[in-house]
Number of protein chains: 2
Amino acid sequence: LKETSHAELTVAGFTGTGVSAGIRKDGREDLALITAEKPVPVAGVFTQSPLAAAPVQVAKRHIRSGRARAILANSGCANAATGQAGLAAAENCCQKTASALGCLEQEVLPCSTGVIGQLLDAEKIGQALPKAVKSLSAYGLGQAAGAIMTTDAFAKTARQEITIKGKPVVVSGLAKGAGMIRPDMATMLAFILTDANVDAPTLEAALRISVGWGFNRISVDGDTSTNDTCLLMASGKAQNPEITADDPEFEAFAFAVTKICQDLAAMMVADGEGSGHLIRVRTTGATDQEAARQICYAISHSLLCKTAFAGCDPNWGRFLSTAAIQSQRMGRPFYPEKTRITIGNELLVKSGVWTGEAAEEKVAKIMKQDRYELHLDLGLGEYSFWVLTSDLDHKYIEVNADYRS
Amino acid sequence: LKETSHAELTVAGFTGTGVSAGIRKDGREDLALITAEKPVPVAGVFTQSPLAAAPVQVAKRHIRSGRARAILANSGCANAATGQAGLAAAENCCQKTASALGCLEQEVLPCSTGVIGQLLDAEKIGQALPKAVKSLSAYGLGQAAGAIMTTDAFAKTARQEITIKGKPVVVSGLAKGAGMIRPDMATMLAFILTDANVDAPTLEAALRISVGWGFNRISVDGDTSTNDTCLLMASGKAQNPEITADDPEFEAFAFAVTKICQDLAAMMVADGEGSGHLIRVRTTGATDQEAARQICYAISHSLLCKTAFAGCDPNWGRFLSTAAIQSQRMGRPFYPEKTRITIGNELLVKSGVWTGEAAEEKVAKIMKQDRYELHLDLGLGEYSFWVLTSDLDHKYIEVNADYRS
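If you're wondering where the values come from, they're calculated on a predicted model, not measured in any experiment. (Residues numbered from 1 in each chain as written. Chains lettered and ligands numbered in written order. Predicted model: local features only at pLDDT ≥ 70, side-chain atom pairs only at ≥ 80, totals over all residues. Heavy atoms only, no water.)

1. Focus on helix α5 (residues 200-213) of chain B
All names here are of chain B. The end-to-end C-alpha separation of α5 is 20 Å, in line with the 20 Å expected for 14 residues at 1.5 Å each. Restricting attention to buried positions, one finds in α5 the residues Ala200, Thr202, Leu203, Ala206, Leu207, Ser210 and Val211. Around the axis of α5, the buried residues are gathered within 160 degrees of arc, so they sit on the same side. Against the buried residues of α5 lie β2 (31-46), β7 (189-194), β8 (229-234) and α6 (249-271). (Helix = DSSP H or I, 4+ residues; strand = E, 2+ residues; numbered from the N terminus. Expected span 1.5 Å × (residues − 1). Buried < 20%, exposed > 50% of the residue type's maximum accessible area, 1.4 Å probe, protein only. Arc of directions from axis to C-beta. Contact = heavy atoms within 4.5 Å.)

Next up, the structure:
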């Protein structure tokens, strides 16, 4: 994974900035503003949690028109589980942004990330807005990425360039979220900007596909945080003939957006609030897709598997046992004698039994690498799935036990 | 929780011992033998994992007769995922024990705990058996408890005394297992011995009830390790008139066995492979029992909730968010405005909103206690459930990342 430099993020038709609004106690930049020159097509995917934060509720309402002028995102406060007062605060922030930019309140999409249960101080946001608007710049998207970080160790940005009907098109993404795999609610915010000329329904179609192949490999639908939000805006400045979902060009566009989502997702797992390894957990030979998926998640989420990853320990019994129990829970068959486990390119378990000391020594070396694949074949059917996960080490506990203090 | 001294464990009609058979590399005692004077009624509950270890497969077959003479349990090797060779080794150990004791092979129940995937060395067990049989003693049940420990920080034993139809009756229990909540497969072994006069079907009935109120509050049916085994044997030495499941005395007996299971379960969570706090997570006001249960487990199993427990951090947003997402996953309603969270005796969330700084300060103090209750009321219905859980701190990772080395 290559981090994108801030300058490289530039997308024609968009400006961005990150300033300090005093929401965070440490004085760090905590308010991101991203604007389009005029209202442009937009699509969004949001958390399915019944405890969806106030900004999510407001953004879902505002996005219905399919057009937006600005994204206003703060860190340091999730404004979730804050009742009517939280809704009023989120709306108030949109009003203030709209009047600062000279647009409609409904053209502003609010996002928040931070501790659940704290009410957002709309006054502080209002006081910081003039400075934010003044500092908006085509080169400021990187600052916006910095301002939405919470426990992230680094800002996450990615860029793709493609050609659509002879016109060069740029897709840039910025995100925050540190590797916690579901259902553990580290909020994910991702903003994807493109200069392509695309209508809102086509953006929506591309975003659904991309999230499925990207973020849903680290955090699955319905297992999301109170504040998870992914937005895709298109300025049209590339002046390509408009893409619709029926065009042959749609695929190339959706692929570029998918690549952005996958890169950002991998960065989130690699950040991982203290993780040292990035592991692709792949299950093949399942009786059905859902079984493959849930077994990937069970291994990715198991404390004992995660600590084995941290210890670079080829403790295959834990992986196999986790898969066995997940199969049993789902009422699916599981035959140990049909299973195989390969780590990196080394076969560690064949017909459910250890392949021996030599293979284990090789695997122990592979598990010391920054990134590798654990491949479990169930030997039952045609279906497969993969997810990205991280290990669990001391730093995770430090970061999360003391997050609020 | 009061630990029971080894001498206090004594149950008329039973002897026990713990010796070193060289299965563990560190030379610690690793072989437990518990015997009845003659074949006596027995009942068992076993893992439902499709990867059930060889000793579990053998013990399930042997227990069908409803009578047993001995339990043979080793630590240091799970003999799970070891195929036909593993089954042969477990059977061989039973044969050797039977000839050493002068009983039938089918009257010996084998158990193993340790690393999955390692084949049990039946020769080593055979060589240690004469020493084990020679050292059997009425006071040796505590040694047996010591010999089955793996990552346990202390041996788990419990005792109850009751009177049945005028006769004093003793129930003693010993167990191993360090607090990992499902689905994280730290093997649980529990052996419960009584001098009551009870037939096997009644033992079976009492054990099912007791496991439901005890071990299943920390590790649920179907989410168990490869080797989980709980056995209940009755010597009849108390000479009470035989209890059957229809007797009024059955309830007192089942209650005593339940108390043993609950005490042993609480010790497992308190041991918890590095945990510092024992938390009772209680969900009330659910629409149905399964929802209450799964919400308890979701909170107990969440890495972010567990690290909040470790940090003594009243991070109620994490608890509420976990419950919201679990409800959504199960297709159950969830209304933030109906929820309440009480920690200890302090109301921290009312109508889904924080009750304020004063309450939070009190809760932060409560969360520093060794044990406390987190009570979530959903405000939806009549159903409730509780489970015991532990926090997650640095020691857990140390213990589990390096378990095999």
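2. Some remarks on the pattern of salt bridges
Within the structure shown, the criterion is met by 24 salt bridges over all chains. One salt bridge in this structure joins Arg24(B) and Asp26(B), with 2.9 Å as the shortest N-O distance. Asp26(B) gets classed as partly exposed once you look at its relative accessible area, which sits at 49%. Across the pair Glu290(B) and Arg293(B) runs a salt bridge, and its minimum N-O distance is 3.3 Å. Taken together, the positions of Glu290(B) and Arg293(B), both in helix α7 (residues 289-301) and 3 residues apart, correspond to about one turn of that helix. Judged by its relative accessible area of 30%, Glu290(B) falls in the partly exposed class. We classify Arg293(B) as partly exposed; its relative accessible area is 22%. One continuous salt-bridge network, built from bridges that share partners, spans Arg280(A), Arg282(A) and Glu373(A). (Salt bridge = Lys/Arg side-chain N within 4 Å of Asp/Glu carboxyl O.)

3. Some points on the packing of α5(B) against α6(B)
All names here are of chain B. Taken N-terminus to C-terminus, the directions of α5 and α6 make an angle of 45 degrees; their axes are 8 Å apart at the nearest point. Relative to α6, α5 is oriented oblique. α5 and α6 meet at a crossing whose hand is right-handed. For the pair α5 and α6, the contacting residues are Thr202, Leu203, Ala205, Ala206, Ile209, Ser210, Val211 and Trp213 in the first and Phe250, Phe253, Ala254, Val257, Thr258, Cys261 and Gln262 in the second. Split into classes, the residues belonging to the contact of α5 with α6 amount to 11 nonpolar, 4 polar and no charged. (Axes fitted to C-alpha atoms, helices over the stretch in contact; angles between N-to-C directions. Parallel < 35°, antiparallel > 145°, perpendicular 65-115°, else oblique. Left-handed = near helix turned anticlockwise from the far one by under 90°. Nonpolar A, V, L, I, M, F, W, Y, C, P; charged D, E, K, R; others polar.)

4. Considerations on the environment of Pro336(A)
Within the secondary structure, Pro336(A) is located in the loop between α9 (316-329) and β10 (340-343). The exposure class assigned to Pro336(A) is buried, which follows from its relative accessible area of 19%. Setting aside anything within four residues of it in sequence, one finds Pro336(A) in contact with Ser351(A), Gly352(A), Pro50(B) and Leu51(B).

5. Comments concerning the environment of Ala81(B)
You can see Ala81(B) is positioned in the loop between β3 (67-74) and α2 (83-101). Here the alpha-carbon distance between Ala81(B) and Leu347(B), two residues 266 residues apart in the chain, equals 48 Å. Beyond its immediate sequence surroundings of up to four residues, Ala81(B) is in contact with Trp316(A), Leu320(A), Gly352(A), Val353(A), Leu51(B), Ile116(B) and Gly117(B).

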